[in-house]
Amino acid sequence: LQKHVKKDFPVTRPEAWLKIKALPLTSPVLDEHLKTVSLIRKGSDKELPLLMTIFTPLSVAGRLVPEHQMLVDHLESHPELVKEALVAITDTFARFASELRNAGADGIFYATTHWASSDKLTWEQYERFGLKYDLPVIQAAGEDAMNILHVCSTNNYMRKLAEHDYKARMINWDDSHPTNLPLDRAAEELPDWTLIGGIDHEGWLRHSTPQEIAFQIQRLKSRFEPNRLILGPGCAVDPSVPMDAYRAIRETL
């Protein structure tokens with residue numbers, strides 16, 4: 001599989017954060033995504049939930065630098081400069097989230113990528129540079145939006161994020177990783193949330209036979225009420241996973 005290689009980055013020094021400005025929704029990529037969502041909605045069953053991925057402002061900022069550590073360093077040494085960019089990114093994607101609903105999306109899949117994790121930041125840092133900018137974007141999707149909060153990475157802050165008004169009732173994370181909240185504990189600690197998880201996308205989904213996968217799905221079905229758990233992977237599934245694995249899941253549900 002070929003991968004995209006990014007050869008240039010907008011931010012390589014602290015002062016460059018001031019060049020990051022809010023984008024109009026007519027910008028080529030945003031406009032393309034809005035039109036695509038509209039086409040999908042027009043061509044699909046109205047009962048089919050249609051969600052669009054949006055990354056949190058801090059996640060977007062993390063893609064503007066050559067390496068994650070540079071953003072961490074700038075947050076510590078030049079926080080006011082980074083904040084200027086975060087305000088612009090938040091403004092852009094809050095308007096984008098609202099317009100996605102007009103285009104036909106039922107809600108957003110809101111992803112924190114690497115940042116809502118003690119692997120990258122302290123909770124105090126995330127409150128200051130993450131949470132503050134996260135909430136306006138997801139709240140812009142509207143009170144009736146069907147949103148999913150996706151908390152990526154290991155050692156993540158899912159428990160703390162779940163205490164805040166993310167306007168989402170569904171939450172998705174890698175419950176199979178030992179540094180994260182396991183599924184059974186989450187069912188007890190987060191009674192107001194619908195959980196999305198259970199499928200170990202780096203473990204048995206990739207390495208088990210269809211029969212073994214069917215056994216795992218049956219086990220999950222017997223342990224959790226269907227109105228509390230939506231079976232799903234903890235993050236993006238590797239393209240090498242064979243179709244037989246997905247068929248085993250579908251046929252066992």
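For the structure itself, consult the block above.
Residues numbered from 1 in each chain as written. Predicted model: local features only at pLDDT ≥ 70, side-chain atom pairs only at ≥ 80, totals over all residues. Heavy atoms only, no water.

A. Up close: the pattern of salt bridges. On inspection of all chains with the given rule, the structure shows 13 salt bridges. Of the charged contacts, one joins arginine 185 and glutamate 189 as a salt bridge, the two residues approaching to 3.1 Å between their closest N and O atoms. Within this pair, arginine 185 and its partner glutamate 189 are both found in helix α7 (residues 183-189), separated by four residues, close to a single helical turn. The class of glutamate 189 is partly exposed, set by a relative accessible area of 34%. Shared partners join several salt bridges into a network, and the residues in it are Glu143, Asp165 and Lys167. (Salt bridge = Lys/Arg side-chain N within 4 Å of Asp/Glu carboxyl O. Helix = DSSP H or I, 4+ residues; strand = E, 2+ residues; numbered from the N terminus. Buried < 20%, exposed > 50% of the residue type's maximum accessible area, 1.4 Å probe, protein only.)

B. Representation of the packing of aromatic side chains within the structure. Scanning the model with the defined rule gives three aromatic pairs in all. Pairing phenylalanine 93 with phenylalanine 96 gives two aromatic rings, centres 6.0 Å apart and planes at 85°, and the pair type is edge-to-face. In this pair, phenylalanine 93 and phenylalanine 96 are both assigned in helix α4 (residues 79-103), three residues apart and thus about one turn of the helix distant. Each member of the pair, phenylalanine 93 as well as phenylalanine 96, carries the same accessibility label: buried. Aromatic pair tryptophan 123 and tyrosine 157: ring centres 5.2 Å apart, planes at 65°, arrangement edge-to-face. Note that tryptophan 123 is positioned in helix α5 (residues 123-139) and tyrosine 157 in the loop between β3 (148-151) and α6 (158-161), a separation of 34 residues in sequence. Of the two residues, tryptophan 123 and tyrosine 157, neither departs from the other in class, the shared state being buried. Aromatic ring contacts, followed pair by pair, group Trp123, Tyr126 and Tyr157 into a single cluster. Taking the ring centre of tryptophan 193 as reference, the NZ or CZ of arginine 169 above it sits at 4.7 Å. (Phe/Tyr/Trp six-rings, centres within 6.5 Å; stacked < 30°, edge-to-face > 60°. Lys NZ or Arg CZ within 6 Å of the ring centre and 35° of its normal.)

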